[in-house]
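# Tertiary structure, described
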2 protein chains.
Amino acid sequence: MTDLVKHQRMANAIRALAMDAVEKANSGHPGLPMGAADIATVLFSRFLKFDPTEPNWPDRDRFVLSAGHGSMLLYSLLHLLGVEEMTMTELENFRQLGSKTPGHPENFVTTGIETTTGPLGQGLGNAVGMAMAERLLAAEFGDDIVDHRTYVIASDGDLMEGISHESISIAGHLKLSKLIVFYDDNHITIDGPTSLSETGDQVARFEAAGWNASRIDGHNPDEIAAAVEAAHKSDRPTMIACRTTIGFGAPTKAGTAGSHGSPLGAEEIAGARKQLGWDYPPFEIPSDVRDSWRIAGLMASQVRKDWEKHLGSIDAEKRAEFERRIRGDLPAGFDETIADYKKKLSADKPKVATRKASEMALDVINAAVPETIGGSADLSPSNNTRSKGMVAVTPEDFSGRYIHWGIREHGMASAMNGMALHRGVIPYSGTFMVFSDYARPAIRLAALMGNRVVFVMTHDSIGLGEDGPTHQPVEQLAALRAIPNLLVFRPADVVETAECWQLSLERRTGPSLLALTRQNLPTVRTVFEHNNRCSRGAYELAPADGDADVSIFASGSEVEIALEAKAQIEAAGHKARVVSVPCFELFEEQSEDYQADILGTAPVKVAIEAAIRQGWDRFIGNRGVFIGMDRFGASGPYKELYAKFGITAEAAAKAALDRLTALA
Amino acid sequence: MTDLVKHQRMANAIRALAMDAVEKANSGHPGLPMGAADIATVLFSRFLKFDPTEPNWPDRDRFVLSAGHGSMLLYSLLHLLGVEEMTMTELENFRQLGSKTPGHPENFVTTGIETTTGPLGQGLGNAVGMAMAERLLAAEFGDDIVDHRTYVIASDGDLMEGISHESISIAGHLKLSKLIVFYDDNHITIDGPTSLSETGDQVARFEAAGWNASRIDGHNPDEIAAAVEAAHKSDRPTMIACRTTIGFGAPTKAGTAGSHGSPLGAEEIAGARKQLGWDYPPFEIPSDVRDSWRIAGLMASQVRKDWEKHLGSIDAEKRAEFERRIRGDLPAGFDETIADYKKKLSADKPKVATRKASEMALDVINAAVPETIGGSADLSPSNNTRSKGMVAVTPEDFSGRYIHWGIREHGMASAMNGMALHRGVIPYSGTFMVFSDYARPAIRLAALMGNRVVFVMTHDSIGLGEDGPTHQPVEQLAALRAIPNLLVFRPADVVETAECWQLSLERRTGPSLLALTRQNLPTVRTVFEHNNRCSRGAYELAPADGDADVSIFASGSEVEIALEAKAQIEAAGHKARVVSVPCFELFEEQSEDYQADILGTAPVKVAIEAAIRQGWDRFIGNRGVFIGMDRFGASGPYKELYAKFGITAEAAAKAALDRLTALA
């Protein structure tokens, strides 16, 4: 059997599994796996450092199927290479509830999947972050320990999405030469030929972004292999535009949108079997093909074993540190570091914006936790994300810990996901909170995947003042709290900010987001407690003197207002308490008893937040008093804005007292 | 005085006003207006069809300052050209509450501003839509009536944002030759020199996207004028990379990030006056400069008068139609058209997905309303946005009414804003609802500006099934309802879908969004009513037989489940009613009495929606029963998913009966 025939049979195994699994599921996308099978076969059988017996070893090459709808490509590869979990039964259960083969690849469901893709462009963004993490760790631990590549298969859709621009720009700028993107250039999208909506030149485009780029025949294994070898020698990231035929092998649907997103049908599949020379029944792999793939898997295992041997031979302390980083444990003593810092704050009582409080916390954290990687989408002086002495990464030197992301919120957030998925670093980065909208699809995926990333969102309300409604978040707090598994923190002062940072870093199961002010706030936590009070999501900051007539719930900058309202209510002869609510989601995790205690029994409940009401009914009920926003903001000095929109202690106290009078 | 000196004095007037207004406001962005003053002076004094006495005349050229932070450039121009409203007092009140000069340009506040910018990249996207609307209307009404250009000033930030890629790709594809973008290439962003994060070649990038692109000295008026003249002759859109100095004229801060976003300070301003040869006090314009600008304004007025004369001479019916379109009135008889259609539906009772119901409604609507322009972000066969006989727009022929946007949700939504701002067309377009996240910054701006655009979001829950959690909206309904001034509709059947479409089109003050199912739903509105029941946001679809024990609130696909739960509760001997809730926002606009009636007095309240609870406490209180989602979805057949997540009539009925038992 010639090498070419062997290659084709290996690739055809993928094609057959893909079309048969989609047919059995009666839904799915056969076109991409059939079209990209040659690329994947060359990559996985000749180049990829991937060990099917230990798919998560640290120095493996990363492979990202950015066009996640072609998930059967990945599942077929995992099966053929011999990943134990990916049995033939799993392939037969494609897209069924509880299977390891969901419609789109989910890294938290399936071993050997690097990231969750499907929303187009995200995989490419993740891959940029993975390639950055590789460089960052190599700069720290040495190329003998960290030396792997990141490969991507991207579709037309991936490259049409705006995030692709942000991702390839930063990758080109940083000269991520170990990042290699195969562009599955099949000239087809769902609506029909790409010519309906695209006439751009992708090769020229990538070159303009500082990439090495070329065009090849995506069905010619020699051209594919030569392009990969050339990419390995490049000092820039590489894009290989592979001209392919979507649904390759299907007699009438190949090269058409008809093979993209639905089962081919029995007749077409029979025709494809004939055309491909594939005489085997569904879900049966002939032994020669199975052997070819297993041998590829075994060869990759050896690479991993050699690396482990080398790792075992290096300095023990360095190895322990590397292993800690990969495990994701924080350095010992982190808790005490934060406690000491809080003690100092409660004594000093600084009046600073929480964005400044965040910078102060980062001065402490970044000194204690070497794995944090900071950054900002070109708002470093506003987001206060660059702590003392932090050095920026440059294309030539990755020993720094700060990334100038440029004005690329979406690419930044998606790359942060990739960094977290890579492991070994903990990324945090900033932008204005209103622009969380730009990064939202990546924030959602961070939550879905459970990635440890921290989004620093400053200028969190009308409190930013003159920049006006385009820059003033009003609905973002509610919209972010809506995302499952995202912790949204809105600390009220320096101490809460330190506590929220601690919780964000200690969290291993998902992302956190800090909503921080532009304007200064007094320290309200003036009595030191070792205990992290924010960990319960909401807590009684200022008790009433006896049974409360009024419970006031507030977050962030409005806690100051709540405390002042309490004083005014008390001056009017009633009793009030203030509950600080730094994190809705953590409050929901508390016991029913704790929740009931915090909600309390005061006849009047008030919530204050310079944002919309949505979500606050949980605390105050649908008849509670809400002091906040019900429309977009306006441009003007911030104190005037608070007055204009009625978010004042006076308004809160008056509303509470009016209610008490009405009840009396 | 030479032409050059005259030009420089006109430009320096802008520079002085910008630096002085920012200084007085003690916040703002002097750098861009000072750097781009030469470009703007050439454009506004020699080319732009803009009439200061009638800034909104239909065939004017559009000018978009995509880099909205440079708002003082626009305000200065409006003042100097003689727009009455833009008095010197307004300039002195820059960034003050209630002024016509907010921090970023707001088209709904200030006459002569075409769009609201600040969130970077959006202005460019809007401009693409404006240029498309121009071509669409010209194809319909003739180049003698519609013949204008769209100009943009874009910054580094605009071009780093991903949306810029989507926008320039579609513009290049459609050969929007009357779109001209000045790239303010000043080599500076907030973090410092652009070299910190960008090494791409913008000219090559635009060329790769099918644009005509060149580089010029952005301070040389002859080069600027020559580039504009060349652009006028191009058959492609044009990008002119103008090398400028940010903060031009400032002695120490010019060319640095220090001039970008804060007042220059008294000393620097004095130095700039000296360097620019500008000896006048703040907010004083010498008469020669005032005259030069006013003459430019007067010349533009004449163009408008000539056009009006021509419009007066054309066929009266055609003129009336053109004027109706510009006013934004719907065709007479639209209401009856919908009523007739609803009558047929209530008789036929089809069981179809609401995405199909939307297509059926569009068959009726697009036949009756010639100004609708449909489209999809490459999901036409899934979004069902292309109605019968709708012809696609091509680069060569704009007489069609359907846009293949490609996989560009964000660029699409931003361009839709531009189309609506242009006036004369009503754009609607589709994508999967989960990908509303990709378009969210543009959806927000649609709401802020009050644009009449309709977002068609299909596959609106776990009901989409096998594609899994990356594609299943869970939090999007809440997150979209959070946006002020956006109507989020989730119709329950064919009739409600028709009603929601009617409301969306009749709405002149803001955007609407339709959340539509992939799965089939029965007709629940089987009795014809002329009245649009959805117009009240929530209404009693199925009354109880007497006083209700249980009120069930539901939207969209869960109304069917609510009706079945009602039947089960009744079978258990209790009384239940069902309220359909197609639109939270419209419900909030109803009288307190109506709201109280709808909320009702049943002791047990249940809400059912295949999404998160956030927002529903408004209907059921914080102790009500919610049947929905509290985490991300999963991949599998949709009926299995509804069962897995407990969104069933059985679960709802059981929860309600348990509550009744507990209360008894």
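Given the structure is predicted, the values throughout are model-derived calculations rather than measurements.

What counts as what
The numbers attached to residues start from 1 for each chain and follow its sequence in the written order. Just so you know, chain letters begin at A and ligand numbers begin at 1, following the order they were written in. Only residues with pLDDT of at least 70 get local features here, since the model is predicted, and only at 80 or more are side-chain atom pairs given and counted; chain-wide, interface and lining totals rely on the full set of residues. Excluding hydrogens and water, the side-chain values take into account all heavy atoms of the structure. Comment: elements are numbered from the N terminus, with helices defined as DSSP H or I runs of at least four residues and strands as E runs of at least two. Note on classification: 1.4 Å probe, protein chains only; a residue is buried when its accessible area is under 20% of the maximum for its type, exposed when over 50%, partly exposed between these limits. Every accessible area reported is derived by Shrake-Rupley at a probe size of 1.4 Å, with residue values counting cover from the shown protein chains alone. Positive charges come from Lys and Arg alone, negative charges from Asp and Glu alone, with His and the N- and C-terminal ends not counted. Where a charge lies is defined by one atom per residue type: Lys uses NZ, Arg uses CZ, Asp uses CG and Glu uses CD. Side-chain atoms within 4.5 Å link the members of a nonpolar core, which is a set of buried Ala, Val, Leu, Ile, Met, Phe, Trp, Tyr and Cys residues. The split into domains, and so the bounds of each, comes from an automatic or database assignment of domains. When checking whether two residues touch, look at their non-hydrogen atoms; a contact exists if any pair is within 4.5 Å. The criterion for an aromatic pair is that two Phe, Tyr or Trp rings (for Trp, the six-membered ring) have centres within 6.5 Å, with stacked assigned to planes under 30 degrees apart, edge-to-face to planes over 60 apart and tilted to the rest. We call a charge positioned over a ring when the NZ of a Lys or the CZ of an Arg lies within 6 Å of the ring centre and within 35 degrees of the ring normal. Buried area is understood as the total, over both parts, of accessible area removed when two parts are fitted together, assessed with a 1.4 Å probe. In what follows, salt bridge is the name for a side-chain nitrogen of Lys or Arg lying within 4 Å of a carboxyl oxygen of Asp or Glu. The definition of a polar contact used here is a pair of N or O atoms within 3.5 Å, where within protein one atom must be able to donate a hydrogen and the other to accept one, and adjacent residues in sequence count solely through side-chain atom pairs. Classes in brief: Ala, Val, Leu, Ile, Met, Phe, Trp, Tyr, Cys and Pro nonpolar; Asp, Glu, Lys and Arg charged; the others, Gly included, polar. The copies are overlaid by a least-squares fit using only the C-alpha atoms of residues whose pLDDT is at least 70 in both copies. Fitted lines through C-alpha atoms give the axes, limited to the stretch in contact for helices. The angle between two N-to-C directions lies from 0 to 180 degrees. Roughly parallel means an angle under 35 degrees; roughly antiparallel means over 145; roughly perpendicular covers 65 to 115; every other angle is labelled oblique. UniProt positions are given in the numbering used here, feature names are shortened, and annotations may be inferred rather than shown by experiment. Here, a strand pair is defined by DSSP locating no fewer than two bridges between the strands. In this context, the arc is that of the directions from the helix axis out to the C-beta atoms. Residues form patches when they are more than 30% accessible in relative terms and have no salt bridge. Like charges link within 9 Å. Nonpolar side chains (Val, Leu, Ile, Met, Phe, Trp, Tyr) link within 5 Å.

What follows concerns the overall build of chain A. Helix and strand counts for chain A stand at 25 helices and 20 strands. Overall, chain A is about 95 × 55 × 45 Å in size when its C-alpha atoms are taken along their principal axes. Burial statistics for chain A: of 664 residues in total, 69% are counted as buried. With an accessible surface of roughly 20700 Å², chain A has 49% of that area assigned to carbon and sulfur atoms. Mean positive and mean negative side-chain charge positions of chain A (67 and 88 charges, respectively) differ by 2 Å.

Turning to the nonpolar core, a few remarks are in order. All names here are of chain A. Judged by nonpolar contacts, the single largest core of 85 residues is most densely connected at Trp501, Phe553, Ile608, Phe619 and Ile647. Both domains that meet at this core, namely domain 2 (334-515) and domain 3 (537-663), each give it at least three residues. Sequence-distant contacts of Ile608, that is, excluding residues within four places in its chain, are made with Ile552, Phe553, Ala554, Ser555, Glu558, Ile561, Ala562, Ile627, Ile647 and Ala652.

The subject of this paragraph is the packing of aromatic side chains. Scanning all chains against the criterion turns up 36 aromatic pairs over all chains. Grouped by ring-pair contacts, the aromatic residues Phe553, Phe584, Phe587, Trp616 and Phe619 of chain A constitute a single cluster. Its end group placed over the ring of Phe584 of chain B, Arg481 of chain B keeps NZ or CZ at 3.8 Å from the ring centre. Looking at Arg536 of chain B, its charged tip hangs above the ring of Tyr594 of chain B, at a distance of 3.9 Å from the centre.

All names here are of chain A. As far as domains go, chain A holds domain 1 (4-305), domain 2 (334-515) and domain 3 (537-663). For domain 2 and domain 3, the distance between their C-alpha centres works out to 26 Å. The interface is formed by 25 residues belonging to domain 2 together with 32 residues belonging to domain 3. Roughly 2200 Å² of surface becomes buried between domain 2 and domain 3 when both sides are summed, with 58% attributable to carbon and sulfur atoms. A salt bridge links Arg481 to Glu609; the shortest N-O distance between them is 2.8 Å. Our enumeration of links across domain 2 and domain 3 arrives at 14 residue pairs in polar contact (both at pLDDT 80 or more). Taken together, the residues of the side of domain 2 that touches domain 3 sort by class into 14 nonpolar, five polar and six charged.

Attention now goes to the relation of the copies chain B and chain A. Under the fitted operation, chain B is carried onto chain A by 0.0 Å of movement along the axis and a turn of 180°, and the coordinates agree to an RMSD of 0.0 Å. Each copy turns onto its partner about a two-fold axis. Take the interface residues of chain B: 100% of them recur as interface residues in chain A, which is what a same-surface contact looks like.

Moving on: the interface of chain B and chain A. Much of the literature gives interface size as the accessible area that the parts lose upon coming together. On the side of chain A, 97 residues touch chain B, which itself brings 96 residues to the contact. With both sides pooled, the region where chain B packs onto chain A buries about 7700 Å², and carbon together with sulfur makes up 56% of that total. Looking at the side of chain B facing chain A, the largest losses of area belong to Leu97, Tyr438 and Arg444 of chain B, adding up to 10% of the total buried there. There are eight salt bridges connecting chain B and chain A. On the surface where chain B and chain A come into contact, there are 57 residue pairs in polar contact (both at pLDDT 80 or more). Top contributing element to the side of chain B that touches chain A by residue count: helix α7 (residues 162-173) of chain B, with nine residues.

This part is about the packing of helix α1 (residues 3-25) of chain B against helix α10 (residues 266-276) of chain B. Geometrically, a packed helix pair is captured by the angle between its two axes and the distance between the axes. Residues and elements named next belong to chain B. One can describe the packing of α1 onto α10 by two numbers: an axis separation of 11 Å at closest approach and a directional angle of 175°. Taken as axis vectors, α1 and α10 run roughly antiparallel relative to one another. Here Asn12, Arg15, Ala16, Met19, Asp20 and Glu23 of α1 come into contact with α10, specifically with Ala266, Ile269, Ala272, Arg273 and Leu276. In terms of residue class, the contact of α1 with α10 is made up of six nonpolar, one polar and four charged.

Attention now goes to the UniProt feature "domain: Transketolase-like pyrimidine-binding" (unreviewed entry) in chain A. Mapped onto this structure's residue numbering, the UniProt feature "domain: Transketolase-like pyrimidine-binding" (unreviewed entry) falls at residues 352-523 of chain A. Each end of residues 352-523 of chain A is marked by a C-alpha atom, and these two atoms are 8 Å apart; helix forms 38% of the span and strand 18%.

Moving on to the sheet that holds strand β18 (residues 576-580) of chain A. Residues and elements named next belong to chain A. Strands sit in the order β16-β18-β17-β19-β20 across an open sheet of five strands; the sheet is mixed. Looking at which strands have only one partner, the edges of the open sheet turn out to be β16 (539-542) and β20 (625-627). Strand-to-strand twist in this sheet, taken as the mean axis angle between neighbours without regard to direction, amounts to 30°. Bridge analysis of strand β17 (residues 550-554) against β18 gives five bridges, and the strand direction is parallel.

This brings us to the sheet that holds strand β20 (residues 625-627) of chain B. Residues and elements named next belong to chain B. What the five strands build is an open sheet, ordered β16-β18-β17-β19-β20; its pairing is mixed. Edge positions in the sheet fall to β16 (539-542) and β20, since each of these pairs with one other strand and no more. In this sheet, adjacent strand axes meet at a mean angle of 30° when their direction is disregarded. Together, β17 (550-554), β19 (604-608) and β20 form the strand contacts of helix α25 (residues 649-663), whose direction differs from that of β19 by roughly 165°.

A word on helix α22 (residues 592-599) of chain B. Residue and element names in this part refer to chain B. Taken together, the buried positions of α22 are occupied by Tyr594, Gln595, Ile598 and Leu599. Taken around the axis of α22, the buried residues stretch over an arc of 130°, which confines them to a single face. Opposite the buried face of α22, at more than 90 degrees from it, the exposed residues are Glu592, Asp593 and Asp597. Where the residues of α22 are buried, they touch β16, β17, β18 (576-580), α21 (584-588), β19 and α23 (617-620). Once α22 finishes, Gly600 follows within two positions and takes phi at roughly 75°, a positive value.

Next up on the list: the side chain of Asn451 of chain B. Residue and element names in this part refer to chain B. Among the structural elements, Asn451 can be located in the loop between α17 (436-449) and β12 (454-458). A polar contact of 3.0 Å, which involves the side chain of Asn451, links it to the side chain of Asn417. Not counting residues within four places of it along the chain, the set of residues in contact with Asn451 comprises Asn417, Ala420, Leu421, Ala446, Gly510 and Pro511.

What follows concerns a negative patch on the surface. A cluster of acidic side chains, namely Asp3, Asp217, Asp222 and Glu223 of chain A, defines a negative patch on the protein surface. Looking at the element boundaries, Asp222 of chain A is found in helix α9 (residues 221-233).

Most of the time, phi is negative for any residue but glycine, and the peptide bond is trans. Of note, Lys349 of chain A is a non-glycine position whose phi angle comes to about 50°, a positive value. Here Lys349 of chain A shows up in the loop between α13 (334-348) and β8 (352-353). Since its relative accessible area comes to 42%, Lys349 of chain A is described here as partly exposed. Residue Phe283 of chain B is not a glycine yet carries a positive backbone phi of 60°. Within the secondary structure, Phe283 of chain B is located in the loop between α10 and α11 (287-313). Classification of Phe283 of chain B by relative accessible area gives buried; the value is 14%.

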